[in-house]
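As a plain string of letters, each chain reads:
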2 protein chains.
Amino acid sequence: MPKMSDVARLAGVSTATVSRVLRNPDAVKTGTKEKVLEAIHQLNYQPNMLARHFRRTETKTILVLVPNIINTVFAEIVGGIEEQASKNGYRVLLRNTARKLEREYGSIEHLKQRQVDGMIMLSPQLDEATLNEISSQFPIVLATANLETPKIPFVSIDNVSSSYKATEHLIRLGHKKVGHITGPMDSLLSRHRNEGYRKALGDYGLDIDEQLVRRGHFSYESGFEQMMDMLGQNHVPTAVFAPSDEMAIGIINAAKEHQLRVPEDLAVVGFDNIRFASMFNPSLTTIAQPLFKMGQRSMELLLKKLNGESISQTEHLLPDELIIRDSCGARKKGKLLHN
Amino acid sequence: MPKMSDVARLAGVSTATVSRVLRNPDAVKTGTKEKVLEAIHQLNYQPNMLARHFRRTETKTILVLVPNIINTVFAEIVGGIEEQASKNGYRVLLRNTARKLEREYGSIEHLKQRQVDGMIMLSPQLDEATLNEISSQFPIVLATANLETPKIPFVSIDNVSSSYKATEHLIRLGHKKVGHITGPMDSLLSRHRNEGYRKALGDYGLDIDEQLVRRGHFSYESGFEQMMDMLGQNHVPTAVFAPSDEMAIGIINAAKEHQLRVPEDLAVVGFDNIRFASMFNPSLTTIAQPLFKMGQRSMELLLKKLNGESISQTEHLLPDELIIRDSCGARKKGKLLHN
DNA sequence: TTGTATGCGTTATCAA
DNA sequence: TTGATAACGCATACAA
């Protein structure tokens, strides 16, 4: 492997000049520059990035902390981050936390050891105080995370209003008994989605029937189980809002087990608009989060931090959208009205 | 940030000793070791990894090249790689090629510049000659890839036999007109799956009806479109083998559009056993690839290469499994038989 | 078992 | 505009 000094010798200049040609070409006379470039080409020289990183104490690498890479929601965000990062000469280091708190803590070591220049945390579980502490020392950005008192830039959607919108949609379709299976309540995001649901019911003068509100954790299984249980009671909803599409599918499959038709006997609205939402039968009415864009935006914010630019705003709520498909019954209703 | 010399001073030893405590503790007397560790603790010293990497010309980082991170198949393999990597002190750098050949080429620069110690390529598109060329210079391993003349370690399943198994299953259920929608035929993997399909038909004395063999590219859309087209003809299969679950779902939805019942009117077998396969209606009979394990194994092989161990075998075919669910009709048949 | 001294390849400072 | 040279922080060969 040729090194800078080899290039310098061949070009008849000093290593300093070679370095300049690479990093600050305008500071070198055209003639010398050409000689150097020619030598670089001839030797097929590649700078030793390890030396450069060491010398400059920067890695051009960012760390992305993912609770679960197999989850398509996170995978899509990572896609957006990766795209924006490589566009700007940054590389993406991936770390799966498997939702283990100690792994989130562990990632701080990476930053301290200067292994990465910054970090994006997807749905972090660390408490705000700790996050603020980290953020005061290193460039970090959060995604699909909300903060009670935002001091760190984060990218999300407005989970309260989106859930409101989803629930309202069901209410407007005439449902009085709208149930909800929540995400884990230690997550602010879940609490927000729960809040939006309750607010909508309240605004439309509907009482909240706590028997129709169950606790789950975003998964298919929890949706299926909670719904099976609910349908085992004599007290049954005509519509359910689920905080994830996976859960919505679990709910629908539970309904099918009980010989209920969806949407005729039970209307369901999900959340995320995963790829399979449109392939499922019935296709899911759901809230679409702009996941890829959220990834891009997170990286943009991190780039600003890395470049020392100031970020005026910490809260970056991207627009979500209610996608109306078949699971809520709106389309069938529409057809009936037009017949 | 305290450095090694700070620790050395505080502990009253030389930097060499501190370095030894960190990297080769057995070479240091217990007493000194304790002094040093105490100093490290007191100063909250973290080694500067950039310096270490530079000095040792290794990064403890590997590159994973992914055709598409949003695809759950790849995401799951990456999960396995990540798990095995972090278990062994390696970090995973992710690079999305978006199936662009130039990005695969570009990744070679990463290796040349010593930015990573090795690379795992998922379903690479580069030709074997180029791959061999890279492999002769750098530690690389391939996953979900097969090679005509294996010179590089790769992890895969036996795509011929698995497809044979899937097709055979349909034939044994009594189907004579078994169709197949292929993946892209420039991929050896697709050709293998096609080969298994043809072999099964041949072995069971069934003629291959080329009208029932269509070309697709693994996607839902291609499955849907090709099946819609096939069902538009007067010449229709009673069973179809699809080389991906997404495609199988597309096929099933196309069948539903044509008022066909699955599996009664059309039996379908997919491939991959994605998470959604069991949630879909009907649940998919499919070939399960041990994706997470394949990721782990790939990393294990790369670790061997990185440690200079010899790899006796280049071909690592992991066992796949035919998962029988509802889309093929075997369960219903079984029920009938027992009634 | 420990310390001394040197170098890894690049970049930044300073002087020319 | 260029060159000489000194770092950057750690690891190792060699000496003690």
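Residues numbered from 1 in each chain as written. Chains lettered and ligands numbered in written order. Predicted model: local features only at pLDDT ≥ 70, side-chain atom pairs only at ≥ 80, totals over all residues. Heavy atoms only, no water.

Draft legend 1. Seen up close, the relation of the copies chain A and chain B. Screw-axis analysis of chain A against chain B gives a translation of 0.1 Å along the axis, an RMSD of 0.2 Å, and a rotation angle of 180°. Read as a symmetry element, the transformation amounts to a two-fold axis. For chain A, the smallest separation between a C-alpha atom and the rotation axis is recorded for A:Leu93, amounting to 2.2 Å. In this assembly, 100% of the residues forming the interface of chain A have copies in chain B that are likewise at the interface, indicating an isologous arrangement. (Least-squares fit on C-alpha atoms with pLDDT ≥ 70 in both. Contact = heavy atoms within 4.5 Å.)

Draft legend 2. Summary view of the packing of aromatic side chains. Within the structure shown, the criterion is met by nine aromatic pairs over all chains. Ring geometry for A:Tyr220 against A:Phe224: centres 6.2 Å apart, planes inclined by 15°, an arrangement best described as stacked. Residue A:Tyr220 and its partner A:Phe224 are located together in helix 10 (residues 220–232), separated by four residues, close to a single helical turn. Residue classification places A:Tyr220 among the buried positions, given a relative accessible area of 13%. Classification of A:Phe224 by relative accessible area gives partly exposed; the value is 23%. Seen in terms of ring centroids, A:Phe280 and B:Phe280 are 6.4 Å apart; in terms of plane orientation they differ by 70°. Their pairing is edge-to-face. Taken together, the residues A:Phe280 in the loop between strand 9 (267–272) and strand 10 (285–288) and B:Phe280 in the loop between strand 9 (267–272) and strand 10 (285–288) connect one chain to another. The two residues A:Phe280 and B:Phe280 agree in class, both being buried. Each member of the aromatic cluster is reached from another via a ring pair, and the members are A:Phe276, A:Phe280, B:Phe276 and B:Phe280. The ring of A:Phe271 is capped by A:Arg193, whose NZ or CZ atom sits 3.7 Å from the centre of that ring. (Phe/Tyr/Trp six-rings, centres within 6.5 Å; stacked < 30°, edge-to-face > 60°. Helix = DSSP H or I, 4+ residues; strand = E, 2+ residues; numbered from the N terminus. Buried < 20%, exposed > 50% of the residue type's maximum accessible area, 1.4 Å probe, protein only. Lys NZ or Arg CZ within 6 Å of the ring centre and 35° of its normal.)

Draft legend 3. Structural context of the pattern of salt bridges. Tallied over the entire structure, the rule returns 28 salt bridges over all chains. Linking A:Lys165 and A:Asp320 is a salt bridge whose minimum nitrogen-to-oxygen distance equals 2.5 Å. Here the residue A:Lys165 occupies a position in helix 8 (residues 159–172), and A:Asp320 occupies one in the loop between strand 11 (315–317) and strand 12 (321–323), the gap between them amounting to 155 residues. Residue classification places A:Asp320 among the buried residues on the basis of a relative accessible area of 14%. Between B:Arg261 and B:Asp265 there is a salt bridge, with the nearest N and O atoms lying 3.0 Å from each other. On the basis of relative accessible area, B:Asp265 is assigned to the partly exposed category, the value being 27%. (Salt bridge = Lys/Arg side-chain N within 4 Å of Asp/Glu carboxyl O.)

Draft legend 4. Here's a closer look at the sheet that holds strand 5 (residues 154–156) of chain A. The mixed open sheet is built from 12 strands, whose spatial order is 11(A)-5(A)-4(A)-3(A)-1(A)-2(A)-2(B)-1(B)-3(B)-4(B)-5(B)-11(B). If you trace the sheet from one side to the other, it starts and ends with strand 11 of chain A together with strand 11 (315–318) of chain B, each paired once. Averaged over all pairs of adjacent strands, the angle between their axes in this sheet comes to 25°, without regard to strand direction. Note: strand 4 (residues 140–143) of chain B against strand 5 (residues 154–157) of chain B, two bridges, orientation parallel. Following the sheet pairing, B:Leu142 is matched in strand 5 of chain B by B:Phe154. (Pairing = 2+ DSSP bridges. Axes fitted to C-alpha atoms, helices over the stretch in contact; angles between N-to-C directions.)

Draft legend 5. Structural detail: the pairing of strand 1 (residues 61–66) of chain A. Residues and elements named next belong to chain A. Most of strand 1 sits inside the fold, with six of its six residues counted as buried. Of the two faces of strand 1, the one carrying Thr61, Leu63 and Leu65 and the one carrying Ile62, Val64 and Val66 are both buried. Bridge analysis of strand 1 against strand 2 (residues 91–96) gives six bridges, and the strand direction is parallel. Residue pairing in the sheet places Leu65 in a bridge with Arg95 of strand 2. With respect to chirality, the unit in which strand 1 leads through helix 5 (residues 72–87) into the neighbouring parallel strand 2 is right-handed. Pairing of strand 1 with strand 3 (residues 118–122), which is carried by four bridges, proceeds in the parallel orientation. In the strand pairing of strand 3, Val64 is matched with Ile120. (Right-handed = clockwise from strand over helix to strand, strands pointing away.)

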